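Overview (structure and organization)
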Amino acid sequence: MEDYKKIYTLAENFTTRSLMVKVLFLIFHGFDPNNGISKKISYQVDALKACGLEVHLCYMDETSTKRRIVDDTVIADYGNGTMSKIKKRTEFSSIVRFAIDKSIDFVYIRSNHNANPFTIRMVKRMKAAGMKVVMEIPTYPYDQEYEAQGMTKQIFQDRIFRKCLARQLDAIVTFSDYECIFGQRTIRISNGIDFDNVTMKETVNDTSKELNLIGVAEIHKWHGFDRLVKGLAEYYSRPQNYTVRFHVVGYFYSEEGEQEFRKLIADNAMEPYVILYGKKHGQELNDIFNCCDFGIGSLGRHRVGIKKIKTLKNREYAARGIPFIYSETDSDFDDRLYVLKAPADETPVDIGNIVSFYRQLSLTPQEIRSSIADLSWKNQMKHVINSV
């Protein structure tokens, strides 16, 4: 009988391994564990693994030469120089070979807005080998976002080929509410949260005399932090017996943007009330969050033509256990008691309104965090798997 049980267990384990779905998670850029985008990708990869899938991450490494890597294995080394820059954007046969050799079942591509004949051919070959292929478009629509960064040339080729690329896919994963993008059906999910990697705020501060606001981002014009500074300038244009400070964590995408922001602070004499930390992570970031009470989400998505989006930052604030403000439409949060909506325009943010809103709240950090249990990355990626 014992021998029978052993044989049955071995057979069951072998069947489970044989039936395990193999996933290739493909990105076209570097992978830095301290980078916000890379952290998100790590969470997605971990979530897929938690769903019982075997996952391989393919990314570019340019620390020495330009190399394409899967997990810790180099699958293509392009060297340096002009040809290496071309090859990293056009040579995808190494990816297809790896996928076929490893019997990959499902390919999850994170779009780099690089639709071209080479990416189209890569997807066609994957599909011909029997793989399911989806592509995540992190932000949609994105043309105005590129134009806002002065990258019109980079998006020109994508505009020509993106509908053709979309036709080859099984679906497009989006964090928007669009049911169809570039003629392809969408899988609509939310940006998720890895609760094991986002620490809840540990303290409830004394806010009887002051309120500390926090904004964390790789700062672009669509974050609209200038609206918050202008709001502070209006707030302090009259004598105040209640202090409000804005703690800004992160680096500016452009030097010009940083100079403009610092000038805005100086011109309005807001230096005592706006604190710039630069990039922070780990315990340093946790410590800043513990000193703060209210989160500042995006206040300028309208500047790049985006009305509906489910940003990662809104979810991180909720996971931290703090209330927050934003101006876009986010169906996961628009009706939450701890969310304040700002108008999607260029008016300065009403600081007095934030203070009044915060004072009437009675939710604890744990109650705010618990309200988004369904937004775990595991739940979101499980939706993608089931849809494919």
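This text gives an overview of the structure that appears in the document. Within every chain, residues take consecutive numbers counted from 1 along the sequence as written. Local features in this predicted model are restricted to residues of pLDDT 70 or higher, and side-chain atom pairs are both shown and tallied only at a pLDDT of 80 or more, whereas totals for entire chains, interfaces and linings draw on every residue. The side-chain quantities take in all heavy atoms of the structure and omit both hydrogens and water.

1. Looking at the packing of helix α5 (residues 117-128) against helix α7 (residues 152-168)
Note on definitions: angles span 0 to 180 degrees between N-to-C directions of axes, and those axes are lines fitted to C-alpha atoms, for helices only across the stretch in contact. To qualify as a helix, a DSSP run of H or I must reach at least 4 residues; to qualify as a strand, a run of E must reach at least 2; elements of each kind are numbered from the N terminus. It is the contact of α5 with α7, at a shortest axis distance of 9 Å, that shows an interaxial angle of 10°. Classified by the angle their axes make, α5 and α7 are roughly parallel. On α7, the residues that touch Pro117, Thr119, Ile120, Val123, Lys124 and Lys127 of α5 are Phe161, Cys164, Leu165 and Gln168. Lys, Arg, Asp and Glu make up the charged group, whereas Ala, Val, Leu, Ile, Met, Phe, Trp, Tyr, Cys and Pro make up the nonpolar group; the residues left over, Gly among them, are polar. Considering only residue class, the contact of α5 with α7 consists of 6 nonpolar, 2 polar and 2 charged. Should an angle lie under 35 degrees it is considered roughly parallel, over 145 roughly antiparallel, and from 65 to 115 roughly perpendicular; all remaining angles are considered oblique. A contact between two residues is defined here by any heavy atoms of the two lying within 4.5 Å.

2. So, the pairing of strand β2 (residues 54-61)
Summarising burial for β2: 7 of the 8 residues are buried, a large majority. Two strands qualify as a pair provided that DSSP identifies no fewer than 2 bridges between them. Judged from the 5 bridges that link them, strand β1 (residues 22-26) and β2 form a sheet pairing that is parallel. Each residue of the ladder has a partner; that of Lys22, found in β2, is Glu54. One ladder, built from 4 bridges, connects β2 with strand β3 (residues 66-70); its direction is antiparallel. In the strand pairing of β3, Cys58 is matched with Val70. For every residue, the accessible area (1.4 Å probe, protein chains only) is compared with the maximum for its type, and the residue is labelled buried under 20%, exposed over 50%, or partly exposed between those bounds.

3. Topic: the sheet that holds strand β7 (residues 171-174)
The sheet built from 9 strands is open, its strands ordered β4-β3-β2-β1-β5-β6-β7-β9-β8 with mixed pairing. For this open sheet the edge positions go to β4 (73-79) and β8 (180-181), each flanked by a neighbour on one side alone. Its contacts with the sheet place helix α4 (residues 93-101) against β1, β2, β3 and β4, and it is angled at close to 165° to β4.

4. A closer look at the packing of aromatic side chains
Between 30 and 60 degrees the pair is tilted, below 30 it is stacked and above 60 it is edge-to-face, where a pair is any two Phe, Tyr or Trp rings, Trp via its six-membered ring, whose centres lie within 6.5 Å. Applying the stated rule across the entire model yields 19 aromatic pairs. For the pair Phe225 and Phe246, a centre-to-centre distance of 5.4 Å together with 90° between the ring planes defines the contact as edge-to-face. Here Phe246 lies in strand β11 (residues 243-249) and Phe225 lies in helix α8 (residues 225-235), a separation of 21 residues in the sequence. Pair check on accessibility: Phe225 and Phe246 agree, each one buried. Centre to centre, the rings of Tyr317 and Phe324 are 5.9 Å apart; their planes meet at 45°, and the pair counts as tilted. For the residue pair Tyr317 and Phe324, the accessibility class agrees, reading buried in each case. Each member of the aromatic cluster is reached from another via a ring pair, and the members are Phe289, Tyr317, Phe324, Tyr326, Phe333 and Tyr338. The ring of Tyr242 has Arg359 sitting right over it, with the charged end atom 4.4 Å from the ring centre. Note on criteria: charge over ring means Lys NZ or Arg CZ within 6 Å of the ring centre, with the direction from the centre no more than 35 degrees off the ring normal.

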